[in-house]
Amino acid sequence: MLKKNKKNVPVLVVDFGSQTTQLILRRIREIGVYCEVVSYFSIINKIKEFKPKAIIFSGGPSSAFERFSPKVDKKVFKANIPILGICYGMQIICEQLNGKVKKTNKREFGKAHIKVLKKNLLFKGNLKVSSKSQVWMSHGDEVVNIPSGFEIIAKSEDNIAAISNIKKKIYGLQFHPEVNHTLKGKHLIRNFILNICKIKQDWKINNFLEEQTTIIKSIVGKNRVICGLSGGVDSSVVAALINKAVGGQLICIFVDHGLLRKDEEKEVMQNFKNYTNAKIIYVNAKNLFIKKLKGVKNPERKRKIIGREFIKVFETEAKKIKNVKFLAQGTLYPDVIESKKIDGSKQQIIKSHHNVGGLPKRLNLKLIEPLRELFKDEVRSLGKELKLPDNIIRRHPFPGPGLAIRIPGEITSKKINILKNVDHIYINELKKYNLYNKIWQAFCVLLPIRSVGVMGDSRSYEFTVSVRAITSKDGMTAEVFYFKENFIKSLAGKIVGQVKGVNRVLYDITSKPPATIEWE
Ligand code: XMP
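The structure reproduced in this document is the subject of the present report. Just so it is clear, the structure is predicted and the values come from calculations on it, not from any experiment.

**Details of the site of the ligand**
Near the ligand there are 15 residues, and of these K351, H354, Q441, K512 and E518 occur at the shortest range. Take E518: an N or O atom from its side chain is 2.5 Å from an oxygen atom of the ligand. Across the shell around the ligand, the residue classes break down as five nonpolar, six polar and four charged.

Quick look at the structure:
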């Protein structure tokens, strides 16, 4: 693992298992302030390690008054660091400082309105005394007694909505300022970070680029680094970054499993040659993958087979290269957070994501993950700094197992071809009508269903495809992107008219949750 020198982290976000912890981090980084998430049970060590200037307690599903619910070491309240508690975070502040929290019969979920009761730095410039403002609530417990030294600075219709202890700089919000539905939420976070904690806005992606380049150079020395290239944003940015740091010492391996989009392999190779001077090894493993997937219908088995074979092929190629010491991977911050639960245990696996986590061990290589601290949009900004073109930076995410998980049921070469052609038409239409960049991810799924149709004067009996387009921030949740009727009608006509083997098009309008983005 690439270790950075000890550093200061100006804001620590203590996670109590909230669904919106990542949003808190996003809001802070958008202000230009660096922050990291930490677990509640290691907070004191993290304070010693990172010397934060602000601490934020996230919300969470537990009840603060329960004996074994997550709490912080009380020393945190004496550390002289400003604290902002959000929802459950505010409730533990109250419970741990001798206030009182109880189950409420006036639960608030969704939009609510607060009324400001007292002037406060947190509200400065945005919320005047007696004004009302829309917020987003999600709680089943309420604070009934605030600790001594605190005052109530806002109320909703039924509950205490905000508290503060000005002397100790400890604040609590019952609502979620990180969520867009809280109209003044961003301003409150800004006031806390900049005006109350007086933190400098010095988190800039070009500083990160310079810092990482220096670190990578010093760690890699004269050794070689290998990197798996998929053509997606993350691996392209990693490759460009390492290439900037150590030039030709980087060797990329591109395993073509044959489950890529139409002509993608050519595009990836071309892009790579245009934008880096690293070496690239192209491995054509199409036949191997199709053979291994023959007859396999179960989604998890498909994922496992692809993951396993990918590692084998990569390993074989990597072993042919001499003097390699490092393996670079495009792990992002959400992957780091998601792989751990707040208490350190593993989260329930919905799908086994294609990752090459076993590789460094098998190859006896040290891992370099320079994007570990970044969110996707920050990776895109970094790509821009590295002068990568828009067609790489703004590319929609594409899953490691590729089209295999977009063909429910058995995979055949014929089906892959059909899907490649359908997908090609779809993506081109999105680009033609300037929709591609408004959508987070768009793709088609080839369903294992045939239906009867009539084309010309003949009966057809062909496959069905489903069209999906979603908006999202990070892939954790997703909303459907609604097309205008004309667009979707004309798209369906083009797909059925131009791709042999398809006679019906469906439009998937399910959000995540309850569905996932991919079908398998
Ligand atoms: P789901 O289907 O879990 O997808 O809602 C969330 C996001 O992750 C992508 N995805 C993957 N990405 N390896 C990846 O690198 C995988 O195995 C994988 N499976 C899903 C998916 O395309 C979406 O953007």
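**A look at the packing of helix α6 (residues 233–246) against helix α12 (residues 376–385)**
Where α6 contacts α12, the two axes come as close as 10 Å, and the packing angle between them is 45°. When the interaxial angle is binned, α6 and α12 end up oblique. At the point where α6 passes α12, the crossing takes the left-handed sense. Between α6, through V233, D234, V237 and L241, and α12, the contact on the second element is made entirely by K376, V379, R380, L382 and G383.

**Quick look at the side chain of R395**
Here R395 lies in the loop between α13 (390–393) and α14 (413–432). A distance of 2.7 Å separates the side chain of R395 from the side chain of E267, its partner in a polar contact.

**Structural notes on unusual backbone geometry**
The linkage connecting K512 with the following residue, P513, adopts the cis geometry, with an omega of -15°. Relative to the helices and strands, P513 resides in the segment after β18 (502–507). Of note, the amide linkage connecting P513 to P514 takes the cis form, showing an omega dihedral of 10°. Along the chain, P514 falls in the segment after β18. The phi dihedral of C87 falls on the positive side, at around 55°, and the residue is not glycine. Looking at the secondary structure, you find C87 in the loop between β4 (83–86) and α3 (88–96). Of the residues examined, C87 reaches a relative accessible area of 5% and is grouped as buried. A positive phi is found at N434, a non-glycine position, where the angle reads about 55°. The residue N434 is located in the loop between α14 and β15 (441–455) in this model.

The rules behind each value
Residues numbered from 1 in each chain as written. Predicted model: local features only at pLDDT ≥ 70, side-chain atom pairs only at ≥ 80, totals over all residues. Heavy atoms only, no water. Near = heavy atom within 4 Å. Polar contact = N/O pair within 3.5 Å; in protein donor to acceptor, adjacent residues only side chain to side chain. Nonpolar A, V, L, I, M, F, W, Y, C, P; charged D, E, K, R; others polar. Axes fitted to C-alpha atoms, helices over the stretch in contact; angles between N-to-C directions. Helix = DSSP H or I, 4+ residues; strand = E, 2+ residues; numbered from the N terminus. Parallel < 35°, antiparallel > 145°, perpendicular 65-115°, else oblique. Left-handed = near helix turned anticlockwise from the far one by under 90°. Contact = heavy atoms within 4.5 Å. Buried < 20%, exposed > 50% of the residue type's maximum accessible area, 1.4 Å probe, protein only.

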